[in-house]
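Below, each chain spelled out in residue letters.
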Amino acid sequence: MRVYPRAALRRALAGTALIRCNVTDEGKLADCRIEQESPTGLGFGQAALEVMPKFRMATTVRDGGRVGGAIVRLPLRFLPPQ
């Protein structure tokens, strides 16, 4: 709820965002950007970017060490409280 776009919340609107990020060696998401959001202009993409630091991904182990570098696309769906 902290990141739910206020304008959408006031109107009880749901929304989606598709975010693209690079995975670091530690499994954190970096260089994230909005690929799509719907409906546009209400802030669902920005809200999704704000939660990306909470995500962690499994990384590949190569020669005994973790290796990042993967690119992930994460779809997020926002639903207003009932």
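Refer to the structure above for everything that follows.
Quick caveat: nothing in here was measured; it's all calculated off a predicted structure. (Residues numbered from 1 in each chain as written. Predicted model: local features only at pLDDT ≥ 70, side-chain atom pairs only at ≥ 80, totals over all residues. Heavy atoms only, no water.)

Visitor: Kindly report on the sheet that holds strand 1 (residues 15-23), identifying the contributing residues and their values.
Guide: The strand order 2-1-5 describes an open sheet built from 3 strands, whose pairing is antiparallel. Single-partner strands in this sheet number two, and they are strand 2 (29-38) and strand 5 (71-78). Direction aside, the axes of adjacent strands within the sheet are offset by 25° on average. In the sheet, strand 1 pairs with strand 5 via 8 bridges, with the strands oriented antiparallel. Of the residues in strand 5, the one forming a bridge with Ile19 is Leu74. (Pairing = 2+ DSSP bridges. Helix = DSSP H or I, 4+ residues; strand = E, 2+ residues; numbered from the N terminus. Axes fitted to C-alpha atoms, helices over the stretch in contact; angles between N-to-C directions.)

Visitor: Explain the pattern of salt bridges to me, and be specific about the residues and the numbers.
Guide: Per the counting criterion, the structure on display carries 2 salt bridges. Here Arg20 ties to Glu35 by a salt bridge, and the two come within 3.7 Å at their closest N and O atoms. With Arg20 in strand 1 and Glu35 in strand 2, this residue pair connects regions lying 15 residues apart in the sequence. Glu35 is the partner of Arg73 in a salt bridge, and the nearest nitrogen-oxygen pair spans 2.7 Å. (Salt bridge = Lys/Arg side-chain N within 4 Å of Asp/Glu carboxyl O.)

Visitor: I'd love a proper account of the packing of aromatic side chains, names of residues and values included.
Guide: Aromatic ring pairs are defined here through the distance separating the ring centres and the angle between the ring planes. Applying the stated criterion to the full structure yields 3 aromatic pairs. Between Tyr4 and Phe44, the aromatic rings sit 5.7 Å apart at their centres with planes inclined by 85°, giving edge-to-face as the arrangement. With Tyr4 in the segment before helix 1 (6-10) and Phe44 in helix 2 (residues 44-51), this residue pair connects regions lying 40 residues apart in the sequence. Plain terms: the ring middles of Tyr4 and Phe78 are 5.9 Å apart, the flat faces sit at 85° to each other, and that makes the pair edge-to-face. On the criterion of sequence distance, the pair formed by Tyr4 in the segment before helix 1 and Phe78 in strand 5 is long-range, its members being 74 residues apart. (Phe/Tyr/Trp six-rings, centres within 6.5 Å; stacked < 30°, edge-to-face > 60°.)

Visitor: Which residues make up helix 2, and what values do they have?
Guide: Taken together, the buried positions of helix 2 are Phe44, Gly45, Ala47 and Ala48. Considered in projection along helix 2, the buried side chains sweep an arc of 160° and stay on one side of the axis. Residues of helix 2 that are buried make contact with helix 1, strand 1, strand 2 and strand 5. (Buried < 20%, exposed > 50% of the residue type's maximum accessible area, 1.4 Å probe, protein only. Arc of directions from axis to C-beta. Contact = heavy atoms within 4.5 Å.)

Visitor: I'd like a description of the pairing of strand 1, backed by residues and values.
Guide: Pairing geometry for strand 1 and strand 2, over 7 bridges, is antiparallel. Looking at strand 2, one finds that Ile19 is bridged to Ile34. Connecting strand 1 to the next strand, strand 2, in antiparallel fashion are 5 residues, including Gly27 with a positive phi near 90°.

Visitor: Provide a residue-level description of the nonpolar core, including the pertinent values.
Guide: Residues Ile19, Leu29, Met52, Leu76 and Phe78 are the most contacted members of the largest nonpolar core, which totals 17 residues. Looking at this core, the elements that each hand over two or more residues are strand 1, helix 2 and strand 5. Not counting the four nearest positions on each side in its chain, Ile19 is found in contact with Cys32, Arg33, Ile34, Gly45, Ala48, Leu49, Met52, Val72, Arg73, Leu74 and Leu76. (Core = buried A, V, L, I, M, F, W, Y, C linked by side-chain atoms within 4.5 Å.)

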